[in-house]
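Letter by letter, the chains look like this.
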Amino acid sequence: MTEQTRFPSFSRGISRRSVLGYGGSLGAALMAAACGGGGGLDPLPSGQPMAGSGNTIGTGSVRVGLILPLSAPGGVGMAAASIRNAADLAMSEFDNPDITVLVKDDAGEANMARDMVQQAIAEGAELILGPFTAPSVVAAAPVAKAAGRPMIAFSSDVSVAQPGVFLLSFTPQSDVTRVVGFAASRGKKSVAALLPEGAFGNVVAAELQQQIASQRLTEGPIQRYAPGRAGEAAKALAGQISGVDCLLSTDLTAEMMRTADAIAAAGIRNVQMLGTGVWNDASVLQKPALQGGWFAAPDAAGYNSFAERYRTRFNSSPTRTATIGYDAVALAAALVKTQGANRFSAQTLTNSSGFAGQDGVFRFRPDGTNERALAVLQVNNRTAQVISPAPRSFG
């Protein structure tokens, strides 16, 4: 990594924070977390008061669109409100941001997302932040690309990423890369997997096989299962993994709890369990089969600091995904401040040294996916403890 360069502070009145530049020509980055400490994730709040009722945040000369499903029902709308609040927080903590954020509600509907992107561009948006869901990204991306506007979307479905459509969300690839690399560094030689069928399992399986090859590990059996059929798959796998060092298992949170029970019921023991950030849930951490397991996730210190400031401002807890709203807006403001006409170019956005955000260092790949610097945690007595801190840079 090139030498870090200091730039004007993002924050007003927040101590021990500075803007750090990553990359020789890139004079911008997101605010790194300053406070230490661990801790788990906050529970999903029961409601999200919105930061004001206006359709814009800020009064700067450069316009940026923020497309969110604010009026969508349930958890999607709640997450969207939290992301909007985080965007407002980022603007309040940045030193004289020269951007105006045009907030657009797509109601969680793909066609509406397309229309809102078109509207934002018509109002002068040079960069699109969002949409939140994969169908909305698919519908809206062609509009942004046709207008030559880059998009930093919030979907965690990597299939919607493409050049010019970058994902800022948490995706399983970085988790798999980190935890498998850590296992190899601890002398593990082989990895098997118990994974769901479908898109999520396909992404994890593909990344696992790539990491097995790059780390020169031995590939054990990879057992897939349909929804609700983890028990049968675990029993089949139990007879195939004798001598295998590690077993990677991950699924969406509710299914992961059942899968962990299936692993225990199948009698799978004496193997190092590996997982992704899905494990970082109080209910999942209770499962006996996962005790002693390793998984990759963002270092909690940055999020905890962000959440404290969020609660102070909005008198409620943020959803876990709210940091992507903060980082997206802070990144846009930083690039406007330091990069001139190249502020949102592909070369700037894909700088290989990346940016420092609320959840640690991240970077965009040219294909639109992202890479995050993650910690490795171990499940001990139904809690997660960091055993390998997140790197502070790529390099």
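Refer to the preceding data block for the structure.
Parameters and conventions
Residues numbered from 1 in each chain as written. Predicted model: local features only at pLDDT ≥ 70, side-chain atom pairs only at ≥ 80, totals over all residues. Heavy atoms only, no water. Helix = DSSP H or I, 4+ residues; strand = E, 2+ residues; numbered from the N terminus. Contact = heavy atoms within 4.5 Å. Areas by Shrake-Rupley, 256 points an atom, 1.4 Å probe, with all protein chains shown as cover. Buried < 20%, exposed > 50% of the residue type's maximum accessible area, 1.4 Å probe, protein only. Salt bridge = Lys/Arg side-chain N within 4 Å of Asp/Glu carboxyl O. Axes fitted to C-alpha atoms, helices over the stretch in contact; angles between N-to-C directions. Parallel < 35°, antiparallel > 145°, perpendicular 65-115°, else oblique. Left-handed = near helix turned anticlockwise from the far one by under 90°. Nonpolar A, V, L, I, M, F, W, Y, C, P; charged D, E, K, R; others polar. Core = buried A, V, L, I, M, F, W, Y, C linked by side-chain atoms within 4.5 Å.

S.K.: Mind showing me how you'd approach the overall build of the protein here?
M.R.: Tallying secondary structure elements over the protein gives 11 helices and 18 strands in all. Sequence separation of 24 or more characterises 67% of the internal contacts of the protein that already satisfy a separation of 6 or more. Per element, the accessible surface of the protein, about 15,600 Å² overall, is 48% carbon and sulfur.

S.K.: What is the right way to read unusual backbone geometry from this model?
M.R.: Glycine aside, the phi torsion of most residues is negative, and most peptide linkages are trans. Between Gly130 and the following residue, Pro131, the backbone shows a cis peptide bond with an omega angle of 0°. In this model, Ala107 sits at a positive phi of 60°, which is unusual for a non-glycine residue. Along the chain, Ala107 falls in the loop between strand E5 (99-105) and helix H2 (110-122). The exposure class of Ala107 is partly exposed, given its relative accessible area of 24%. Backbone geometry at Asn270 places phi at a positive 55°, although glycine is not the residue there. Secondary-structure assignment places Asn270 in the loop between helix H7 (253-265) and strand E12 (272-275).

S.K.: Where do I start with the pattern of salt bridges in this structure?
M.R.: Between side chains of opposite charge, a pair can form when the charged atoms approach closely. Counted according to the given criterion, the structure contains 11 salt bridges. With a shortest N-O distance of 2.9 Å, Arg343 and Glu126 are connected by a salt bridge. In this pair, Arg343 is assigned in the loop between helix H10 (322-339) and helix H11 (346-349) and Glu126 in strand E6 (residues 125-129), connecting sequence segments 217 residues apart. According to the relative accessible area criterion, Arg343 is buried, its value standing at 17%. Among the residues examined, Glu126 registers a relative accessible area of 26% and is labelled partly exposed. Of the charged contacts in the structure, one is a salt bridge between Arg258 and Glu255, with a shortest N-O distance of 2.9 Å. Within this pair, Arg258 and its partner Glu255 are both found in helix H7, separated by three residues, close to a single helical turn. For Arg258, a relative accessible area of 46% gives the class partly exposed.

S.K.: How do you make sense of the packing of helix H1 (residues 74-93) against H10 when you look at a structure like this?
M.R.: For any two helices packed against each other, the geometry is given by the interaxial angle and the distance between the axes. Axis separation between H1 and H10 bottoms out at 7 Å; the angle between their running directions is 40°. Compared by their axis directions, H1 and H10 come out oblique. Like other packed secondary-structure pairs, H1 and H10 cross with a definite hand, here right-handed. Where H1 approaches H10, its residues Ser82, Ile83, Ala86, Ala87, Leu89, Ala90, Met91 and Glu93 are matched on the opposing element by Ala322, Ile324, Gly325, Tyr326, Val329 and Ala330. Its residues placed into classes, the contact of H1 with H10 shows 11 nonpolar, two polar and one charged.

S.K.: Looking at this structure, I do not really get the nonpolar core. What am I missing?
M.R.: When a protein is soluble and globular, its nonpolar side chains tend to lie buried together. In this structure, Ile99, Leu129, Phe154 and Phe364 are the most contacted members of the largest nonpolar core, which totals 47 residues. At the level of secondary structure, the elements contributing two or more residues to this core comprise strand E4 (62-68), H1, E5, E6, helix H9 (300-314), H10 and strand E15 (360-364). At 12 residues, the largest contribution of residues to this core is made by H10. Leaving out residues up to four positions away in the same chain, Phe154 has contacts with Leu66, Leu68, Ile83, Leu129, Gly130, Pro131, Phe132, Leu168, Ser169, Ile324 and Ala328. Core analysis: the second largest hydrophobic core is formed by 30 residues, Ile268, Val278, Val284 and Val379 among them.

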